[in-house]
Amino acid sequence: MALIRDLLVQSAEMILVLALSPFVTGLIRKVKARLVRRVGPPLIQPYRELVRLLRKEVVLADNASWLFRAAPYLVFATTWVAAALVPTFAVGLLFSWSADLIAIVALLGSARFFLALAGMDVGTSFGGIGASREVMIASLAEPAMIMIIFSLALLAGSTQLSTIAAYMLSPHVGLRVTLAMALVALIMVGIAENARIPVDNPATHLELTMVHEAMVLEYSGRHLALIELSAALKLLLYLSLIACVFVPWGLAPPGATWSAYTLGAASYVAKLTAGAAALAVFETAIAKMRVFRVPSFLGAALMLGLLGTLFLFVSRGGL
Amino acid sequence: MIGFDFDVAHLLAGGLVLVSFLLLYQDRLSALLNIFALQAFVLSLAVAWQAYVQDAPHLYVTAAIALLFKAIAIPVALHRMIVRLGIHREIETVAGIGLTMLAGVGLVALSLVVLLHATAAENALAREDIAFALSVLLLGLLIMVTRRNAVSQVVGFMSMENGLVLAATGAKGMPLVVEFSVAFSILIAFIVIGIFLFRIRERFDTVDIEALDRARGGNR
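Residues numbered from 1 in each chain as written. Chains lettered and ligands numbered in written order. Predicted model: local features only at pLDDT ≥ 70, side-chain atom pairs only at ≥ 80, totals over all residues.

With that settled, consider the overall build of chain B. The helix and strand tally for chain B stands at eight helices and zero strands. For chain B, the N- to C-terminal ordering of α and β elements is α-α-α-α-α-α-α-α. Relative to its 220 residues, chain B shows a buried fraction of 41%. When contacts within chain B are restricted to residue pairs at least 6 apart in sequence, those whose partners lie at least 24 apart make up 72%. (Helix = DSSP H or I, 4+ residues; strand = E, 2+ residues; numbered from the N terminus. Buried ≥ 20, exposed ≤ 12 C-beta atoms within 10 Å, placed from the backbone. Contact = placed C-beta atoms within 7 Å.)

Here the focus is the overall build of chain A. Summing up its helical and strand segments, chain A has eleven helices and zero strands in all. Secondary structure of chain A in N-to-C order comes out as α-α-α-α-α-α-α-α-α-α-α. Relative to a compact globule of 319 residues, whose C-alpha radius of gyration would be 20 Å, chain A shows 20 Å and is just as compact. Each principal axis of the C-alpha atoms in chain A carries an extent, and together these give about 60 × 50 × 45 Å. (Rg over C-alpha atoms; globule rule 2.2 N^0.38 Å.)

We now examine helix α3 (residues 58-85) of chain B. Residue and element names in this part refer to chain B. Here α3 spans 38 Å end to end across 28 residues, near enough to the 40 Å set by a 1.5 Å rise per residue. At alanine 73, α3 is bent by approximately 30 degrees, the largest bend along its length, and proline proline 75 sits one to four residues beyond. For α3, the set of buried residues is Leu59, Thr62, Ala63, Ile65, Ala66, Lys70, Ala71, Ile74, Pro75, Leu78 and Ile82. Glycine 86 sits one or two positions beyond α3 and adopts a positive phi of about 75 degrees. (Expected span 1.5 Å × (residues − 1). Bend = angle between axes of the 7 residues up to and from the residue.)

Glancing now at helix α10 (residues 258-285) of chain A. All names here are of chain A. Taking 1.5 Å as the rise per residue, α10 with 28 residues should run 40 Å; its terminal C-alpha atoms sit 41 Å apart, in good agreement. Within α10, burial applies to Gly264, Tyr268, Lys271, Leu272, Gly275, Ala276, Leu279, Ala280 and Glu283. Where α10 is buried, its residues meet α1 (2-35) and α9 (221-246).

Before going further, it helps to spend a moment on the environment of alanine 37 of chain B. Residue and element names in this part refer to chain B. By the element assignment, alanine 37 lies in helix α2 (residues 29-54). Along the backbone, alanine 37 and valine 53 are 16 residues apart, and their C-alpha atoms lie at a distance of 24 Å. Among residues more than four places away in sequence, those in contact with alanine 37 are Ala71 and Pro75.

Quick look at the interface of chain B and chain A now. Counting residues at the interface gives 22 residues for chain B, matched by 19 residues for chain A. Of all the elements in the fold, those that place two or more residues in the side of chain B that touches chain A are α1 (4-25), α4 (97-118) and α5 (124-146) of chain B. Looking at the side of chain B that touches chain A element by element, the count peaks at nine residues for α4 of chain B.

Residues and elements named next belong to chain A. The backbone of arginine 37 sits at a positive phi, close to 60 degrees, despite the residue not being glycine. Along the chain, arginine 37 turns up in the loop between α1 and α2 (45-55). Of note, alanine 195 is a non-glycine position whose phi angle comes to about 55 degrees, a positive value. With respect to the element layout, alanine 195 can be found in the loop between α7 (177-193) and α8 (212-215).

The next point concerns the packing of α1 of chain A against α2 of chain A. Residue and element names in this part refer to chain A. Interhelical geometry of α1 versus α2 gives an angle of 125 degrees and a closest axis separation of 7 Å. Taken together, the axes of α1 and α2 are oblique relative to one another. Here Pro22, Thr25 and Gly26 of α1 lie close against α2, whose contacting residues are Gln45, Pro46, Tyr47 and Leu50. Within the contact of α1 with α2, the residues separate by chemical class into four nonpolar, three polar and no charged. (Axes fitted to C-alpha atoms, helices over the stretch in contact; angles between N-to-C directions. Parallel < 35°, antiparallel > 145°, perpendicular 65-115°, else oblique. Nonpolar A, V, L, I, M, F, W, Y, C, P; charged D, E, K, R; others polar.)

Close inspection of predicted coordinates is inappropriate in any region flagged by low pLDDT. Residues of chain B with pLDDT of at least 70 account for 89%, and the chain-wide mean is 80. Least confident of the elements in chain B is helix α8 (residues 209-216) of chain B, whose mean pLDDT is 70; most confident is α2 of chain B, at 89. (pLDDT = per-residue confidence, 0-100.)

What follows covers the nonpolar core. Counting residues in hydrophobic clusters, the biggest one holds 158 residues, and the most contacted among them are Val24, Ala144, Ala185, Leu236 and Leu298 of chain A together with Leu16 and Leu166 of chain B. With 17 residues, α9 of chain A is the single largest residue contributor to this core. When neighbours within four sequence positions are excluded, leucine 298 of chain A is seen to be in contact with Ile137, Leu140, Ala141, Ala144, Met188 and Ala192 of chain A. (Core = buried A, V, L, I, M, F, W, Y, C linked by C-beta atoms within 7 Å.)

Glancing now at the packing of α1 of chain A against helix α3 (residues 66-85) of chain A. Residue and element names in this part refer to chain A. Contact pair α1 / α3: the axes reach a minimum separation of 9 Å and the direction vectors enclose 115 degrees. On the basis of their axis angle, the class for α1 and α3 is roughly perpendicular. α3 is crossed by α1, and the crossing has right-handed handedness. Every residue of α3 that contacts α1 at Glu13, Met14, Val17 and Leu18 is listed here: Trp80, Ala83 and Ala84. (Left-handed = near helix turned anticlockwise from the far one by under 90°.)

Residues and elements named next belong to chain A. By the element assignment, proline 202 lies in the loop between α7 and α8. A C-alpha to C-alpha distance of 10.0 Å links proline 202 and alanine 231, two positions 29 residues apart in sequence. When near neighbours in sequence (up to four residues on either side) are disregarded, proline 202 contacts Ala195, Arg196 and His212.

Put into structure tokens, the structure is as follows:
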């Protein structure tokens, strides 16, 4: 009986992230449009787009290999698993033994690997540009992410997200400069990984500046739907990662009652809304940077992670 | 050892190191001066917190000096100076921000390793204050090494002095006389440097240090 209940909760979480991710994307678009005094598309517009894309036929390039056709499914599957591993409304779910930060980074990394391969597969120049830029960004963002994970793991004594969230809720966290640095660095990495504005513009098809869009330019139909959905899932993943690690209030403990789960879900939606609104304000306020400035942006994130780890040693009082 | 006092002191001193990194990262002159003011402000907060923790009223005077002179007077004067020199919109060509940042992280790691080993017997608060102070000092030195503009070299010099003040407050028992004389010598140095800046500018039409190298017959 307990196993069935755990399975139910876990599958509820998987469905929840899948169902909420287009909503987050739509919310960001809506807030951004309202900030510049436009009406903006309705909140369900991303769902409609997905349905429309799923109905359309797939147009494949003549020289597309099996990899090109398989990549969307691989990308979607790995991203979905990674997003479902992050505790959203409850900790200690059935799969939480595998909800390890390093595992999540590895899943996202393999998704990116397949997408970059698919971008180069057809042999158009845009795909190549997009893939090489994406890999350049990733090669800088991943070390920064690993440094953030190191400092969190040193603090909490584990890389498991449930344990970290429990540690953050416990009273002996204290006021730590390391945590502030890790938060800023995680936000910077998240912005770069999700191709948000200072690094890449998600709404443009302007050739010279795009990174993510250039890679997926050749996709159409249900393949494109899957790729768009996994991009939305990835954004949701980073938002819930930040929410889970830095604002873990409201997370339901393992084996909680249904009302605790409902409360957790409500607080999760509230956190997502706040995060999406903040992201939209941030994106409206600043301009996109040149591609060649991205390394120094991500270098700053890496440096913050490194410094955070160093400071942790000082506060422990020994090396 | 892990208490609220320690956490706040850690936060403020760590914030000071972080602001030093911002100084290292920033390549626009007027933004650089704003960050320098921020650094002095954080320094005065850190010193005031030390005064409260150590129950040492004379440190409040140090904090007030940091706030008045270094967070307000000197940045305002420098702002005026760069406007008069006509370089307030200038963007400096720093050789490779990424490399500079890495060197900075290396310096911080070095100072932490050295000082945490050297002062193992002291109490935690003084140890980490001195470790962070040495980091701020070395970062100031790095700013002076990597910048070519005379004004940002001045900023690097001043931020080195901020590190010194942090070290002095961490080590208990710096007399007030020393404090005053350091503050005044900084002011005098500032005035002398200011005069020199205008002199350099008169003679070479620039405040770029490279021009001095060329005039000296340097090998570039």
